[in-house]
Amino acid sequence: LAQLYTPLNQLGYIYRSVNQSLVDTERLLALLNEPTEVNDKPNAPELMVTAGEIEFENVNFSYDFRTTALNGVSFKVPKGSSVALVGESGAGKSTILRLLYRFYDLQDGGGRILIDSQDIRDVTQKSLRQAIGVVPQDSVLFNSSIAYNIGYGKFNSTEEEIEAAARSAQMHERIMSFPDGYATKVGERGVRLSGGEKQRVAIARTLLKNPPILLLDEATSALDTSTEKDIQKALQNLMKGRSSLSIAHRLSTIASADLILVLKDGQIVEQGTHKELMALDGIFASMWADQISSTEDPPISIGESSVK
Ligand code: ATP
């Protein structure tokens, strides 16, 4: 029994951390084979993604039925566009991502979340999660080869596909510097990867998975400028043609987002492009000023738009 208990205990630990930070969710949920708090309706159909448009319609949510995590949140992510969420800790950014992934269902009267006009509560969780790629802050690596770690983004992926994904995620050269290239073991018992490298592995996995919708949780820790540039390039490749919702901690990384939503106490208090929000001279502009003054590095440039 003790032998059984320890792994179960570890799984419990993993399960808790999954709920906290959207860590490599599908794989772990499959591993646990454990129902989340969410159940599919009898005979629920599959989600049919046509454009990949996301809509939050007057969403209200509370984790404990007392305090409010989201209050009247409405926004749209049109087909192929990028929406970034910013706001202080506890503002509700992760809650938006967790709800879209259906870790929790909205209560009746708590609004609706739609993908291509289908309420996500009405479709199977499996089909919903197949349509969504998650790039978490801190990815779990398996104690296996780097090829395996990238390749499980897609069932039966070929070596060529894995390498193409690694190239697009700006990881190929780093992998070639490992002693056994793509066969090198990574993880706790192999080559340890940095936070920025793990994030690029997650990006490569997601490229292979090829989902129409992306959830991105930017790492909080500061990265050196060249790693940051690699990640930005990898993300640009990943985000091309997909609808994305990302949590941004470093405001310089989202200057090219199509729409920025500023959250405070579970509400959207400002929204617009970087330029519009700067012109508004409100909360976003003061967050920007704070971040610029607290960082030594000059703001990085993204694609064509250099952010100052
Ligand atoms: P951070 O930047 O720190 O990750 P956030 O903007 O993502 O913050 P959320 O995690 O969405 O904020 O939290 C929104 C609110 O919901 C907060 O008041 C938080 O305390 C609460 N909350 C978050 N997760 C839970 C949970 N599992 N149980 C109860 N309350 C929670």
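Calculation criteria
- Residues numbered from 1 in each chain as written.
- Predicted model: local features only at pLDDT ≥ 70, side-chain atom pairs only at ≥ 80, totals over all residues.
- Heavy atoms only, no water.
- Helix = DSSP H or I, 4+ residues; strand = E, 2+ residues; numbered from the N terminus.
- Polar contact = N/O pair within 3.5 Å; in protein donor to acceptor, adjacent residues only side chain to side chain.
- Contact = heavy atoms within 4.5 Å.
- Near = heavy atom within 4 Å.
- Areas by Shrake-Rupley, 256 points an atom, 1.4 Å probe, with all protein chains shown as cover.
- Nonpolar A, V, L, I, M, F, W, Y, C, P; charged D, E, K, R; others polar.
- 1 Å grid on protein atoms, 1.4 Å probe; cavity = no way out; pocket = protein on both sides within 12 Å on 5 of 7 lines; lining within 4 Å.
- Points joined across faces, edges and corners; volume = space filled by probe spheres on them.
- Salt bridge = Lys/Arg side-chain N within 4 Å of Asp/Glu carboxyl O.
- pLDDT = per-residue confidence, 0-100.

The name given to the chain in an unreviewed UniProt entry is Mitochondrial half-size ABC transporter, with Laccaria amethystina LaAM-08-1 as the source organism.

(A) A look at the side chain of Ser145. Mapped onto the fold, Ser145 is located in the loop between β6 (132–135) and α5 (146–151). Engagement of the side chain of Ser145 in a polar contact is seen with the backbone nitrogen of Tyr148, the distance being 3.0 Å. Once residues lying within four places of it in the same chain are set aside, the contact partners of Ser145 are Tyr182, Ala183, Thr184, Lys185 and Val186.

(B) Quick look at the site of the ligand. Lining the immediate surroundings of the ligand are Tyr63, Ala69, Glu88, Ser89, Gly90, Ala91, Gly92, Lys93, Ser94, Thr95 and Arg98. Gly90 is positioned with one of its backbone polar atoms (N or O) 2.8 Å from an oxygen atom of the ligand. The contact in question runs from an oxygen atom of the ligand to an N or O atom on the backbone of Gly92, over 2.9 Å. Burial of the ligand by the protein chains amounts to 59% of its free accessible area of 630 Å². When grouped by side-chain class, the residues that make up the shell around the ligand number three nonpolar, five polar and three charged.

(C) Representation of empty space enclosed by the protein in the model. As enumerated under the stated definition, the model contains one cavity of 30 Å³ or more in all. Here the largest cavity is characterised by a volume of approximately 50 Å³. Considering the residues around the largest cavity, the lining is formed by Leu99, Arg102, Tyr104, Asp105, Leu106, Ile113, Asp119, Ile120 and Arg121. Residues that form the lining of the largest cavity fall into these classes: five nonpolar, no polar and four charged.

(D) Geometry of the pattern of salt bridges. In the structure shown here, the tally under the stated rule is 12 salt bridges. A salt bridge links Glu161 to Lys154, with the shortest nitrogen-to-oxygen separation between them at 2.5 Å.

(E) Quick peek at the confidence of the model for the chain. Looking at the chain, pLDDT values average 85 and 83% of them are 70 or higher. pLDDT under 50 marks residues 1–9. Its contacts with residues more than four places away, or in other chains, come to zero contacts. Below a pLDDT of 50 lies the segment residues 298–308, which in the model reaches 22 contacts outside its immediate sequence neighbourhood of four places, other chains included. Interface confidence for the predicted complex, given as ipTM, is 0.97, next to a pTM of 0.84.

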